[in-house]
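# Architecture and fold: a report
Each chain, letter by letter, is given below.
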Amino acid sequence: MSASRRSGTTDELGPDEPEQPDQPDRDGADLLAALLDGMDAALCAFDADGVVTHWNREAERILGWTAAEAVGRHGFAGWAVREADAEEVEGRLMSAMQAPGRQVHEFALLTKDGGRVLVRTQSAAVHGPDGKPAGVYCAFSEVHAQIDLERSIALSEALFEDASWGVVLVDADLRPAVVNAHAARALGIGRTAVLGRPLGELLAQGVEELESALTHVLAEGAPPAPAEIWVSVRTPEGEQRRCWRCGFVRLASPLAEEPVPLGVGWLFNDVTVAKQAEQEASLLRFRGNQLHRAARAAAECEDPAEAATIHLDFALAGFADHALIDRVAGDGSLADGDSDVPVRLVRVAATPSGAPGPSLLTGQAGLPVRYAEGHPALQCVERVGSVRASVGSVPAERAREWALARQWPPDAVHALCAVLRSRGRTLGAVTFLRGAGRSPFERSDAAYAEDVALRIAAALDLAGALRG
């Protein structure tokens, strides 16, 4: 039996007239039955007298009563609702005939096996051709299923409005389809302006890694843990490097028989400050360990000058590519009041400029290095403070000329000079040099170089005292 009652008229036919079925009405009834049975929500309908006229398959699944058992019954009393509740339930449902819009109610229905199911109903009047109420339709679903649906919708709306992390829905072509306010601020662009644009137009760096992650999720599913991706975002102030902790989920259509990927849900949070603090703490631990190891190794050296090169070698690890130690010519030191005396420096130790190896002691002849006026090492000694220098963005040949003019290895592009001080006197300067593959020296690097310089100055001062 179909999910709805069929009605029609039968005309008296003569003996020579074959029966002509009303084909349009039958097709319409079949289409209506198919639509009702294909609905995801349970649906039943009553005529003006409260008789059940329609009952679809979802209603049968929830309550267990088939369409043949339900259609034609008067109300729910005695079979789908307890007798004690029947009058109230029927009154609520039929009141929709006189009320505008839809009415929402919750009550318990009986299943065929005697159980009870709490359902949420939406009922509305059905009007006839004359515009008068001709019955009521009622769509219902289990309360927990409705609540789950409402929670899912509420979660989606909250994520795209109030979430404190970025949420982006990326389609199968790896283009943003929906973006929440937090993500738009992180990308430095409006919520509507970002839609449909390639990720390469939104990020200056990190696009390849992000697209690779999205492609993997589309093909293999969500990764087991969040991923940290470094990107560069274009802003009015220039490019900013950020670290985003990203989570990914693959989106599939719930309506398809086989899972069809609709795209990827991408959630991210900016952890740049935490990552930078973590990196700085790790760097400080490493440099502290290097200073400790250098002090222990230098303590075993009989020659204090050799101990100075030990400190220099340990400081180079992860810090610089080359290093030089220059000492004041003459008696080897300058008092603070000797500002009128021209400063000349003698090279006493240097790292090999070719193959890597330990620092070598030089300068036995005592000949001053040909430093031009304004050289960073001379400025360091004159100011009694650290000096940083960099060649900047120039062609490779210009950078080579810049380094050679300052008596440095040809591949040096960044320099940091720290003053050597001991017992209130200036002994010289130590210079750390970096190649083009490293970043320029920063203030934190200067603090580390000054710590190394203190140890080198103490060793050189001791060596001079022993020679005296």
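The model shown is predicted, which means the values in this text are computed figures rather than measured ones.

Okay, the packing of aromatic side chains next. All chains considered together, the criterion is met by 13 aromatic pairs. Pairing Trp-55 with Phe-76 gives two aromatic rings, centres 6.4 Å apart and planes at 80 degrees, and the pair type is edge-to-face. Pair noted here: Trp-55 is in strand S2 (residues 52–55) and Phe-76 is in the loop between helix H3 (67–70) and helix H4 (83–94), with a separation of 21 residues, a long-range link. Using a relative accessible area of 0% as the deciding quantity, one classes Trp-55 as buried. Here the aromatic cluster, defined as three or more aromatic residues joined through ring pairs, consists of Phe-46, Trp-55, Trp-65, Phe-76, Trp-79 and Phe-140. Across the ring face of Phe-319, the terminal group of Arg-434 is positioned such that the distance to the ring centre comes to 5.4 Å.

Moving on, we come to the pairing of S2. Examined bridge by bridge, strand S1 (residues 42–47) and S2 share 3 bridges and lie antiparallel to one another. The residue bridging Phe-46 from the neighbouring strand is Val-52, located in S2. Linking two consecutive strands that pair antiparallel, namely S1 and S2, is a turn of 4 residues; a positive phi of about 85 degrees is found at Gly-50 within it.

Turning to H4, a few remarks are in order. Between the first and last C-alpha of H4 there are 17 Å, a value that for 12 residues agrees with the 16 Å anticipated at 1.5 Å per step. Three or more residues of H4 are buried, namely Asp-85, Ala-86, Val-89, Leu-93 and Met-94. Buried residues of H4, seen end-on, are gathered within an arc of 150 degrees and therefore sit on one face of the element. Facing away from the buried side of H4, by more than 90 degrees, are the exposed residues Ala-84 and Glu-87. Buried positions along H4 lie against S1, strand S3 (103–110), strand S4 (116–127) and strand S5 (133–142).

Turning next to the packing of helix H10 (residues 304–316) against helix H13 (residues 443–467). Contact pair H10 / H13: the axes reach a minimum separation of 7 Å and the direction vectors enclose 165 degrees. If you check the angle between H10 and H13, you find them roughly antiparallel. In the packing of H10 onto H13, the handedness of the crossing is left-handed. Contacts between H10 and H13 involve Pro-304, Ala-305, Ala-307, Ala-308, His-311, Leu-312, Phe-314 and Ala-315 on the former and, on the latter, Tyr-448, Val-452, Arg-455, Ile-456, Ala-459, Leu-460, Leu-462, Ala-463 and Leu-466.

The strand order across the open sheet formed by 5 strands is S2-S1-S5-S4-S3, and the pairing between neighbours is antiparallel. The two strands at the open ends of the sheet, each matched to only one other strand, are S2 and S3. Within the sheet, the average angular offset between the axes of one strand and its neighbour, ignoring direction, is 30 degrees. Relative to S5, S1 runs antiparallel, the two being bridged by 6 bridges. Paired with Ala-45 across the bridge in S5 is Tyr-137. Along the sheet face, H4 touches S1, S3, S4 and S5 and points at about 150 degrees away from the line of S3.

All right, on to helix H12 (residues 396–405) then. Listing the buried residues of H12 in full gives Ala-399, Trp-402 and Ala-403. Seen along its axis, H12 keeps its buried residues to an arc of 95 degrees; they face one direction. The inward-facing, buried residues of H12 abut strand S15 (387–390). Positive phi shows up at Gln-407, right after H12, with a value of about 65 degrees.

It is worth spelling out the nonpolar core at this point. Ranked by size, the top nonpolar core spans 31 residues in total, and within it Phe-319, Ile-325, Leu-420, Val-430, Phe-432 and Ile-456 carry the most contacts. At the level of elements, helix H9 (272–298), H10, strand S12 (322–328), strand S13 (345–350), strand S16 (414–422), strand S17 (425–434) and H13 are the ones that each hand at least two residues to this core. Contact partners of Phe-319, with chain neighbours within four places excluded, come to Arg-287, Leu-416, Phe-432, Arg-434, Arg-438, Phe-441, Asp-445, Tyr-448 and Ala-449. Core analysis: the second largest hydrophobic core is formed by 29 residues, Cys-44, Trp-55, Ala-80 and Val-119 among them.

Right, let's talk about the pattern of salt bridges for a bit. Under the counting rule described, the total for this entry stands at 16 salt bridges. With a shortest N-O distance of 2.7 Å, Asp-461 and Arg-423 are connected by a salt bridge. One end of the pair, Asp-461, is in helix H13; the other, Arg-423, is in the loop between S16 and S17, with 38 residues separating them in the sequence. You can call Arg-423 exposed: its relative accessible area is 69%. Several salt bridges share partner residues, and in doing so they unite Glu-228, Arg-245, Lys-275 and Glu-278 into one network.

This prediction gives the protein a mean pLDDT of 84; 89% of its residues lie at or above 70. The least confident element of the protein, judged by mean pLDDT, is helix H1 (residues 23–37) at 64; the most confident is S16 at 95.

Within the open sheet, the 6 strands sit side by side as S7-S6-S11-S10-S9-S8. Their pairing is antiparallel. Edge positions in the open sheet fall to strand S7 (176–179) and strand S8 (203–205), since each of these has one partner strand only. Strand-to-strand twist of the sheet, defined as the mean angle between neighbouring strand axes without regard to direction, takes the value 40 degrees. Pairing between S8 and strand S9 (residues 227–235): 2 bridges, direction antiparallel. Across the sheet, residue Gln-205 finds its bridge partner in S9, namely Ser-232. Here helix H8 (residues 207–220) sits on the sheet in contact with strand S6 (166–171), S8, S9, strand S10 (238–252) and strand S11 (261–270), set at roughly 5 degrees to S10.

Cut-offs and rules
Residues numbered from 1 in each chain as written. Predicted model: local features only at pLDDT ≥ 70, side-chain atom pairs only at ≥ 80, totals over all residues. Heavy atoms only, no water. Phe/Tyr/Trp six-rings, centres within 6.5 Å; stacked < 30°, edge-to-face > 60°. Helix = DSSP H or I, 4+ residues; strand = E, 2+ residues; numbered from the N terminus. Buried < 20%, exposed > 50% of the residue type's maximum accessible area, 1.4 Å probe, protein only. Lys NZ or Arg CZ within 6 Å of the ring centre and 35° of its normal. Pairing = 2+ DSSP bridges. Expected span 1.5 Å × (residues − 1). Arc of directions from axis to C-beta. Contact = heavy atoms within 4.5 Å. Axes fitted to C-alpha atoms, helices over the stretch in contact; angles between N-to-C directions. Parallel < 35°, antiparallel > 145°, perpendicular 65-115°, else oblique. Left-handed = near helix turned anticlockwise from the far one by under 90°. Core = buried A, V, L, I, M, F, W, Y, C linked by side-chain atoms within 4.5 Å. Salt bridge = Lys/Arg side-chain N within 4 Å of Asp/Glu carboxyl O. pLDDT = per-residue confidence, 0-100.

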